[in-house]
Amino acid sequence: MSHSPATRVVTTGRPARAADAALNEPVTFASTFHAGGNVGYGRYGNPTWTALESALGDLEGGRALAYASGLAASDAVMSLLPEGAVVVAPDCAYLGVLDLLRERATQGRLTLRQVAVTDADGIAAAAKGAAMVWLESPTNPNLDVADIAAAATAARAAGALTVVDNTFATPLLQRPLELGADIAVHSVTKLLAGHSDVVLGAVVTADDTLYDRLDAHRRLHGAIPGPMEAYLAVRGLRTLSVRLERAQANATELASRLRAHPAVNVVRYPGSGTMCSIEVAGGAAGADAVVAAVQLWVHSTSLGGVESSLERRRRWPTESPAVDESLLRLSVGIEDVEDLWDDLSRALTSAS
């Protein structure tokens, strides 16, 4: 029987049904395992990781590997690149990934070509001679949307892998592998776990060769998840559908109201998801004043939790110049939307 994704987030990754068996995979705190099985050693596997990986693989339509963080997952994907490879990446994307790519470019290990993800023709042109096309959709923090299927088609024609960071959309809103991508990457820290209490990452692919290479790299380099974090991520995943539904409804309503607020110059909201970015009056100083004035919203660089948070992204020195100085990235949570609006609109008004 085929169930909907909203049902599978509740049920997937569970152990087989048996009398008195635990409903969900319990936490296995072990570095050492009896020989002769599939695990062998604590750096190679753990039953609690397996539950998380099984769930994410099912939801994305591939096989998953969990990592100690989203950046560790991204770094593992970059290990697939040969020395001197050309990589196509967004001109505006998650700062950590761009910093990793820039570091390798500075070291002469790759050539970086940056393009706007909304420019399908530009991506296709840049993909020629490239080994990898790295996409975010929606992007962080400008929330631009890519035509993943078109980009993947162009990349495949050029002999390049397509990687999609699916952190913002989650597999409930977008399944990159079905759109032709070779690899999906997640910061599990964010919406998937959803409670601001773990740091984890994941990579999902339907290509067995890529999976084996990534698995071998994780075994050798050791960027493994902790069993407690994996357990908490599975527990958080169980409520993803209801959290996403509530937070998305809040984000849609707030985006509509923010468009009419006199202190807001630009609203960036792709029409779905829990992320919304705004450019406010008064430039960087005006945005900083809003951050200082909110009381319910949390000033935080992370996102995707049950609580609503915001941040002026250009406070980071290496943030893309494509991001406006006044841009506030809003991660909308599951609080009452009227409380969120009262706090944010009051801060906007006082700051302006």
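Here, every reference points to the structure presented above.
The text that follows walks through the structure, step by step, so that each part is easy to find. These figures come from a predicted structure and were not determined experimentally.

About the thresholds
Residues numbered from 1 in each chain as written. Predicted model: local features only at pLDDT ≥ 70, side-chain atom pairs only at ≥ 80, totals over all residues. Heavy atoms only, no water. Helix = DSSP H or I, 4+ residues; strand = E, 2+ residues; numbered from the N terminus. Rg over C-alpha atoms; globule rule 2.2 N^0.38 Å. Buried < 20%, exposed > 50% of the residue type's maximum accessible area, 1.4 Å probe, protein only. Pairing = 2+ DSSP bridges. Axes fitted to C-alpha atoms, helices over the stretch in contact; angles between N-to-C directions. Contact = heavy atoms within 4.5 Å. Phe/Tyr/Trp six-rings, centres within 6.5 Å; stacked < 30°, edge-to-face > 60°. Lys NZ or Arg CZ within 6 Å of the ring centre and 35° of its normal. Left-handed = near helix turned anticlockwise from the far one by under 90°. Nonpolar A, V, L, I, M, F, W, Y, C, P; charged D, E, K, R; others polar.

### Considering the overall build of the chain
Secondary structure summary: the chain contains 12 helices and 12 strands in total. In terms of C-alpha radius of gyration, the chain reaches 21 Å, essentially the compact-globule figure of 20 Å for 352 residues. Over its C-alpha atoms, taken along the principal directions, the chain stretches across nearly 65 × 55 × 35 Å. Across the 352 residues of the chain, 52% fall into the buried class.

### Some remarks on the sheet that holds strand β6 (residues 183-187)
Strand pairing in a sheet takes place through backbone hydrogen bonds and is either antiparallel or parallel in direction. Pairing is mixed across the open sheet formed by 7 strands, whose spatial order is β1-β7-β6-β5-β4-β2-β3. Across the chains shown, the open sheet's two edge strands, defined by having one partner strand only, are β1 (63-67) and β3 (110-115). Recorded for the sheet is a direction-independent mean angle of 20 degrees between the axes of neighbouring strands. Relative to strand β4 (residues 132-136), strand β2 (residues 85-90) runs parallel, the two sharing 2 bridges. Counted as the bridge partner of V88 is V133 from β4. Its contacts with the sheet place helix α5 (residues 120-127) against β2, β3 and β4, and it is angled at close to 165 degrees to β3. Of the strands in this sheet, β1, β5 (161-165), β6 and β7 (201-205) are in contact with helix α8 (residues 208-221), which crosses β1 at around 20 degrees.

### Focus: the packing of aromatic side chains
Enumeration according to the criterion identifies 1 aromatic pair in this entry. Considering the side-chain rings of Y41 and Y44, the 5.7 Å spacing of their centres and the 75 degrees angle between planes classify their relative orientation as edge-to-face. One residue, R219, lies across the ring of Y44, its end atom 4.6 Å from the ring centre.

### Considerations on helix α3 (residues 70-78)
Of all 9 residues that make up α3, 7 are buried, and the element is covered over most of its length. Of the positions making up α3, those classed as buried are G70, A72, A73, S74, A76, V77 and M78.

### Details of the sheet that holds strand β10 (residues 298-299)
Ordered by their spatial adjacency, 5 strands build an open sheet running β8-β9-β12-β11-β10, and the pairing between neighbours is mixed. The open sheet has two free edges, formed respectively by β8 (264-268) and β10, since each of these has just one partner strand. By the bridge criterion, 4 bridges tie strand β11 (residues 309-312) to strand β12 (residues 327-331) in an arrangement that is antiparallel. If you follow S309 over to β12, its bridge partner there is S331. Helix α11 (residues 283-293) contacts β9 (275-280), β10, β11 and β12 of the sheet and is inclined by roughly 155 degrees relative to β11.

### Comments concerning the packing of helix α10 (residues 240-258) against helix α12 (residues 337-351)
Orientation of α10 relative to α12, taken along the N-to-C sense of each, is 35 degrees, at an axis distance of 10 Å. Two packed elements cross with a definite hand, and for α10 against α12 that hand is right-handed. Residue-level contacts link N250, E253, L254, R257 and L258 of α10 to V337, E338, L340, W341, L344 and L348 of α12. Counted by class, the contact of α10 with α12 contains 7 nonpolar, 1 polar and 3 charged residues.

### Concerning the environment of E279
You can see E279 is positioned in strand β9. Owing to a relative accessible area of 10%, E279 belongs among the buried residues under this scheme. For E279 and A293, which are 14 residues apart along the polypeptide, the C-alpha to C-alpha distance reads 16 Å. Residue contacts for E279: discarding those within four places in its chain leaves V264, N265, V266, R268, D324, S326 and L327.

### A closer look at the packing of α3 against helix α4 (residues 95-106)
In the contact formed by α3 and α4, the axes pass within 10 Å of each other and the chain directions differ by 35 degrees. In this structure, the crossing between α3 and α4 has a hand that is right-handed. Touching L71, S74, D75 and M78 of α3 are G96, V97, L100, L101 and R104, all from α4. The residue makeup of the contact of α3 with α4, split by class, is 5 nonpolar, 2 polar and 2 charged.

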